[in-house]
Structure formats: C-alpha cells, structure tokens
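# Analysis of the macromolecular model
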Amino acid sequence: MPDPTTVTFPPAFLWGAATSAYQIEGAVREGGRTPSIWDTFSHTPGRTADGDHGDLAVDHYHRYREDVALIAELGLTAYRFSVSWPRVQPTGRGPAVQAGLDFYRRLVDELLANGIRPALTLYHWDLPQELEDAGGWPERDTAYRFAEYAHLVGEALGDRVEQWTTLNEPWCSAFLGYASGVHAPGRTDPAASLRAAHHLNLGHGLATSALRSVLPPHTSVAVSLNSAVVRPASDCAADLAAARKIDDLANGVFHGPILHGAYPETLFAATSTVTDWSCVRDGDLALIQQPLDALGLNYYTPALVEAAGPAPSGPRADGHGVSAHSPWPGADDVAFLQSPGDRTEMGWTIDPSGLYDLLTRYAGEAPGLPLYVTENGAAYDDKPDSEGYVHDPERIAYLHGHLAAVRRAMADGADVRGYYLWSLMDNFEWAYGYGKRFGAVYVDYATLARTPKSSARWYGRAARTGSLPTPEAD
Ligand code: FCB
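The text that follows walks through the structure, step by step, so that each part is easy to find. Within each chain, residue numbers correspond to sequence positions counted from 1 in written order. A pLDDT threshold of at least 70 governs which residues receive local features in this predicted model, and a stricter bar of 80 or more applies before side-chain atom pairs are shown or counted, although totals over entire chains, interfaces and linings include all residues. Excluded from the side-chain calculations are hydrogens and water; all other atoms, namely the structure's heavy atoms, are used.

## Points about the side chain of His255
Strands are runs of DSSP state E lasting at least 2 residues, helices are runs of H or I lasting at least 4, and numbering of each runs from the N terminus. Here His255 is to be found in helix α10 (residues 237-260). Partly exposed residues are those whose accessible area sits between 20% and 50% of the maximum for their type, while under 20% is buried and over 50% is exposed, using a 1.4 Å probe and protein chains only. According to the relative accessible area criterion, His255 is buried, its value standing at 3%. Pairs of N or O atoms within 3.5 Å make up the polar contacts considered here, provided that, within protein, one atom can donate a hydrogen while the other can accept it, and that residues adjacent in sequence are counted only when both atoms are side-chain atoms. Reaching out from His255, the side chain makes a polar contact with the side chain of Ser227 at a distance of 2.6 Å. Residues in contact with His255, not counting those within four places in the same chain, are Leu225, Ser227, His260, Leu295, Leu297 and Tyr362. Two residues form a contact once any of their heavy atoms are found within 4.5 Å.

The structure is reproduced here in structure tokens:
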C-alpha cells in the first residue's frame, strides 16, 4: 500500500532549476557583448560585497555543456535561464549579433538533446548600459527597445523554445535599481522608480505582442513576478492599512495592469506625494494587459509589516542589500519586522505557508491561468567535507517544506505546472557577490569545479520519482 504521507506530483509536473545570465555566464567581453548596468555597477567601488563582479562568474558561457550534462544526470526535466540583452543586441538598438544568438541556440539544442525543456527569460536585470545612459527604465523609450529585443530573440529561437518569460521580478528592477539603489543601476530617485515600474509593465506588454507576432502558436508567454506575501503585525486598522500599502507597491503595481488592466486606486493614493503618474498615457493599460499563457511566481520569504512613524534615517538592510534609501516609495510610515522562525543565510525567514498563500491567492485572482513557481530556494554556508561531499540538510528541509506547500496548494485548486529551484549552482548573488550560495550544485570558485550537494541528489530523486523523498533520505 502506498504510504499516505508520501507527497506525489502529477506525471506532467516540471522539475526544474533556474539561473540567470549575469549570475553565471562570465565571458563579458566575448562575441561582441557590451557592458550591462550590472557590469558597470559591480565594477563601481562599494557596490557589491568584496567588489565581486560577473566577469568570470562560473564561466557557464564556456562550460554550458558540462552544466547541461549535470541537469540531465540529476534527472531534472526543465531548465530556466535568461538571455543577456547586451550579448544579443549590444547597444540595445539595431540588429542582433549572430555570435550572441548562436550561444543561446547551442545551449537550447544541448538541452533539447538531453530531453530538458528550456524556459527562456528575456530580462533578468542586465539592461545594456547604453540604454541606461539614455535614461534607463524611467524613460518610456526603454519599453519600446525591450519589445524590439524580444522580437529579435523570438525570431531566432522561437522554433526551439516553447516557454517564454518577458521579465524576471520587475519589482527588483524598479525599486532596488532606482529607489533603494542596492541593485544596478544604483539610483535613489523614488519618482523615477515608479516611472520605471510603469515602463517595465509597458515593456512586458509590448514584448508579449512582439513575441506573439513571431512565435509559433503553441508557445507559452509568461512573466515572473516576485509577488510578496505581506502579513500585518496585528489586525488593527493601521497595520492592515500598512499591509495594504506594501501589497499595492509589491503586487498591485504589476499584477494590476498586467492581469487586470488597471493600477489599484489605493496605489495612486499611497504614492501621490511621490508622483502624479503622468507617465501613464492613454492606451497604455490596453497595451500592458496582454493575454498570457502562464504566470511565474518567485517566492523566498514573507514580509511582516506594521504602521510606524517616519522611518529612522541611516542605512537599513532590506533583504537584498543595505541602503539609506527605502525601496518602498510613499511608504515611510510602514515598518518591516523580522518574521518569526528559522532563517536562511540571507536572513530570510523560512515559511512554506507563504508559498501556499501566494499560489492559492493567484489561482483565485487569475482563474484558468497555469502557475509556475519560477524561483524558490535558500542560501546556506555550504562547505565540502574532508572527502569532498557537500551535505546541506537545511536546504533539503527547505525544499521539502516548500514543495509540500506547492502540492497542498494544488490539492486546493491551484493549477501549478512546475517548480524551478533557485539555483542550479552557486553563483553571483548580486550585491552579495559570491558570499551567498543558493546552488543545489556546489561551485569551487578557485577551480570552478561543480559538485552536486546532497540537496541536488535529493531533488533529482524527487524529479525522477515524481514524489518527495523524506528529508532525511540524503
Ligand atoms: C531573486 C532573483 C535571483 C536570485 C534570487 C536569490 O530575487 O531573481 O536572481 O538572486 O533572488
């Protein structure tokens, strides 16, 4: 008799791992690639831990065959990667560079030859520096440039990639990039960050239309949002209002226009001292609200908030870096508290129920739209033992808890089609550099040797059997 406690997934469920271009590729000067905002930012003193940058990263550009072989050996069925915009269209304008497209063609062909489904993200934060010099995402033209780039990539790879994602986590691009400044391009201008959010939405809509015009009909187009799970510290009216404000600034600002064709009125009210939203032109919302085939949700930890007086000045950690500037325009009267419970190496509280809440919420808000968990995972201070094995039982427990939450959400009606572990391998963790290891595969940064951690083997067993081994089965 099957063990009733075994968590089992449907056979078609995708078991994936995720990465992004700047975090793994290296080869920043090869094949005509020009700098992105992340090259500039990471080479600016004081911006990243230890001055780390992605010049070499984990050299995936040269080792992609080895990396695909690893994915195949583990038994995973899908791989989510991103295309580096400045590798494909170096100035952000004009024709594509053949060498750039060829790299991604080779990667995709290698995946397909190994029976692994490629899931391509067009934008995981590496804006060509030339476009930032022209104003970046706060400028409307960047949205049109993004659509042109989407068209180029769609034309080149549409014959072999079935799963497309426009943007990864536009919240980070807009608010960490232009408000708190802990991510590239490192600007601290709240009004510009809200314009960036709108132009990212517009870019998503225009890129979706551009992709539709070149992709075969069976391909899927989606967006990946790091939708926050916002919990009020109490149910008093002031804390509920604080949670509502953060929910609008984290979720409503993207889900509103993308899924429902409107920004929440409460968002306009909350940000009225920062901007009049005159960047939203007639017709924009119709351009943004394009029919989608799926919705990607990235989840790591919930947010716990309460009403507060004006925030104390001075640098504060926001989970992605330290800045004296808030990533939440118009929300100086909201305080973020540490959620109770164990934390990962990022200081992020482990709470699988947040993933359940997120999936069931969007199953309700976007009925009929298939959902994917496009990122979920944990950083730990992993080290090889004397025999070279890397044991990471905490990561196994994290994955087990979150995958079980996914399965519960499915049982309660959420149409979740797949899960992508962040990340396939240790890599450049943005402002934290190489100090934070999210990989299921360990990377020795001195030799670039890859060693699957015990979590990679555990996850591979889950993928091969379609059910979760006990967390102890390492
Ligand atoms: C997400 C990013 C991803 C990685 C994880 C830890 O916000 O999309 O690149 O940095 O966090």
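## Looking at the packing of aromatic side chains
Any two rings among Phe, Tyr and Trp, with Trp reduced to its six-membered ring, count as a pair given centres within 6.5 Å; such a pair is stacked if its planes are under 30 degrees apart, edge-to-face if over 60, and tilted if neither. Per the counting criterion, the structure on display carries 37 aromatic pairs. Each ring, one from Phe146 and one from Tyr149, has its centre 6.0 Å from the other, and the planes form 45°; the classification is tilted. Here Phe146 and its partner Tyr149 are both found in helix α7 (residues 141-157), three residues apart, which amounts to about one turn of the helix. Judged by its relative accessible area of 0%, Tyr149 falls in the buried class. Relative to Phe175, the ring of Trp171 has its centre 5.9 Å away and its plane inclined at 45°; by these criteria the two rings are tilted. With a gap of four residues between them, Trp171 and Phe175 both fall in helix α8 (residues 170-178), about one helical turn apart. One aromatic cluster is present, built from ring pairs that chain together Tyr22, Trp38, Phe41, Trp125, Phe428, Trp430, Tyr434 and Tyr445. Lysine NZ or arginine CZ positioned within 6 Å of the ring centre and within 35 degrees of the ring normal marks a charge as sitting over the ring. Here the basic side chain of Arg408 rests over the ring of Tyr356, its NZ or CZ set 4.6 Å away from the ring centre.

## Quick word on the sheet that holds strand β2 (residues 78-82)
Here, strands pair whenever DSSP counts at least two bridges between them. Ordered in space as β1-β2-β3-β4-β5-β7-β12-β13, the eight strands form a closed barrel in which the pairing is parallel. On average, adjacent strands in this sheet sit at an angle of 25° to one another, irrespective of strand direction. In terms of strand pairing, strand β7 (residues 295-298) meets strand β12 (residues 371-376) through four bridges, oriented parallel. Within the sheet, the bridge partner assigned to Leu297 lies in β12 and is Val373. Between N-to-C directions, angles cover 0 to 180 degrees, with each direction set by a line fitted to C-alpha atoms, over the stretch in contact for helices.

## A short note on the site of the ligand
Taken together, Gln23, His124, Trp125, Asn168, Glu169, Tyr300, Glu375, Trp422, Glu429, Trp430 and Phe438 make up the full set of residues adjacent to the ligand. One of the side-chain nitrogen or oxygen atoms of His124 is found 2.8 Å away from an oxygen atom of the ligand. Between the ligand and the protein, one listed contact pairs an oxygen atom with a side-chain N or O atom of Glu169 at 2.5 Å. Partitioned by chemical class, the residues of the shell around the ligand number five nonpolar, three polar and three charged. Distances are taken per atom, and a residue is near a molecule or strand as soon as one of its heavy atoms is within 4 Å of it. In this classification, the charged set is Asp, Glu, Lys and Arg, the nonpolar set is Ala, Val, Leu, Ile, Met, Phe, Trp, Tyr, Cys and Pro, and all remaining amino acids, among them Gly, are polar.

## Concerning the sheet that holds strand β11 (residues 334-337)
With mixed pairing, the three strands of this open sheet are ordered in space as β6-β8-β11. The two strands at the open ends of the sheet, each matched to only one other strand, are β6 (230-232) and β11. Going from strand to strand, the sheet's axes swing by 40° on average, the running direction of each strand aside. In terms of strand pairing, β6 meets strand β8 (residues 303-307) through three bridges, oriented parallel. Across the sheet, the residue bridging to Val230 is Ala303, located in β8.

## Side note on the environment of Val7
Examined against the element boundaries, Val7 turns out to sit in the segment before β1 (14-18). On the accessibility criterion, Val7 (18% relative accessible area) is buried. Taking C-alpha positions, Val7 is 31 Å from Glu429, a pair spaced 422 residues apart along the chain. Those residues in contact with Val7 that sit more than four places away from it in its chain are Ala404, Arg407, Gly466, Ser467 and Leu468.

## Re the pattern of salt bridges
One speaks of a salt bridge when a side-chain nitrogen belonging to Lys or Arg is within 4 Å of a carboxyl oxygen belonging to Asp or Glu. Per the stated rule, a full pass over the model turns up 30 salt bridges. One salt bridge connects Glu110 with Arg65, and the closest N-O pair in it is separated by 3.5 Å. A residue pair is termed long-range when its members are at least 10 positions apart, and Glu110 in helix α5 (residues 98-113) and Arg65 in helix α3 (residues 60-74) qualify at 45 residues. Relative accessible area serves as the criterion here: at 48%, Arg65 is assigned to the partly exposed category. A single salt-bridge network, built from bridges that share partners, covers Asp382, Asp392, Arg395, Asp426, Arg437 and Lys453.

## A word on the packing of helix α14 (residues 393-411) against helix α15 (residues 454-465)
Where α14 contacts α15, the axes come no closer than 9 Å and their chain directions differ by 30°. Overall, the two elements α14 and α15 adopt an arrangement that is roughly parallel. Across the interface between the two elements, Arg395, Ile396, Leu399, His400 and Leu403 from α14 touch Ser454, Ser455, Trp458 and Tyr459 from α15. The residue makeup of the contact of α14 with α15, split by class, is five nonpolar, three polar and one charged. Every angle not falling under 35 degrees, over 145, or within 65 to 115 is termed oblique; those three ranges are roughly parallel, roughly antiparallel and roughly perpendicular.

## A short note on the nonpolar core
Membership of the largest hydrophobic core comes to 148 residues, with the highest contact counts inside it found for Trp164, Leu359 and Val406. If one sorts the elements of this core by residue count, α10 sits on top with nine residues. Among residues more than four places away in sequence, those in contact with Trp164 are Leu120, Leu122, Val153, Gly154, Leu157, Gly158, Leu211, Leu215, Thr219, Ser220, Val221 and Ala222. Put simply, buried Ala, Val, Leu, Ile, Met, Phe, Trp, Tyr and Cys residues joined by side-chain atoms within 4.5 Å make one nonpolar core.

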